[in-house]
Amino acid sequence: MKQNPLNVFVLLAVGIALIFLAVFLIIVGMLSTLPVDVKGGAFFLIGPFPLVLTFDNPASWLIVVLPVLLILVPLLLIMIWLRHGSMEQAKTEE
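Procedures and definitions
Residues numbered from 1 in each chain as written. Predicted model: local features only at pLDDT ≥ 70, side-chain atom pairs only at ≥ 80, totals over all residues. Heavy atoms only, no water. Helix = DSSP H or I, 4+ residues; strand = E, 2+ residues; numbered from the N terminus. Buried < 20%, exposed > 50% of the residue type's maximum accessible area, 1.4 Å probe, protein only. Patch = residues over 30% accessible without salt bridge, like charges linked within 9 Å, V, L, I, M, F, W, Y side chains within 5 Å. Areas by Shrake-Rupley, 256 points an atom, 1.4 Å probe, with all protein chains shown as cover. Salt bridge = Lys/Arg side-chain N within 4 Å of Asp/Glu carboxyl O. pLDDT = per-residue confidence, 0-100.

**A few points about the overall build of the protein chain**
Part 1 of the argument: Broken down by element type, the protein chain carries 2 helices and 2 strands.
Part 2 of the argument: Each helix (α) and strand (β) of the protein chain, taken in turn from the N terminus, gives the series α-β-β-α.
Part 3 of the argument: The buried share of the protein chain, taken over its 94 residues, is 4%.

**Overview of a nonpolar patch on the surface**
Part 1 of the argument: Together, Leu6, Phe9, Val10, Leu12, Val14, Ile16, Leu18, Phe20, Leu21, Phe24, Leu25 and Val28 give the surface a local cluster of nonpolar side chains, amounting to about 1,200 Å² of exposed area.
Part 2 of the argument: Mapped onto the elements of the fold, Phe24 is located in helix α1 (residues 5–31).

**With respect to the confidence of the model for the protein chain**
Parts of the model with low pLDDT should not have their predicted coordinates read in detail.
Part 1 of the argument: Residues with a pLDDT of 70 or more make up 82% of the protein chain, whose mean pLDDT is 78.
Part 2 of the argument: The least confident element of the protein chain is strand β2 (residues 49–54), whose mean pLDDT is 72; the most confident is α1, at 87.

As structure tokens, this is what we get:
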């Protein structure tokens, strides 16, 4: 498949437009005068290290369990895939 340099510029323009749209929506949301009680949390995965911020007690257990699942599930899938591949290789060598 031959890559067209124009595709790079189109994707770059779309990405920049999405960034400006997001900033615009954040500013509009901050300027709204509706009284809102916001509760929630945030999860940042910086390399292999999860950073969890929570602002609501009922949702805190989910915010704590989520990083563990996001680290363990891919790790287990890779281990199963590698074990399956080594079993297949052993069968073909016999």
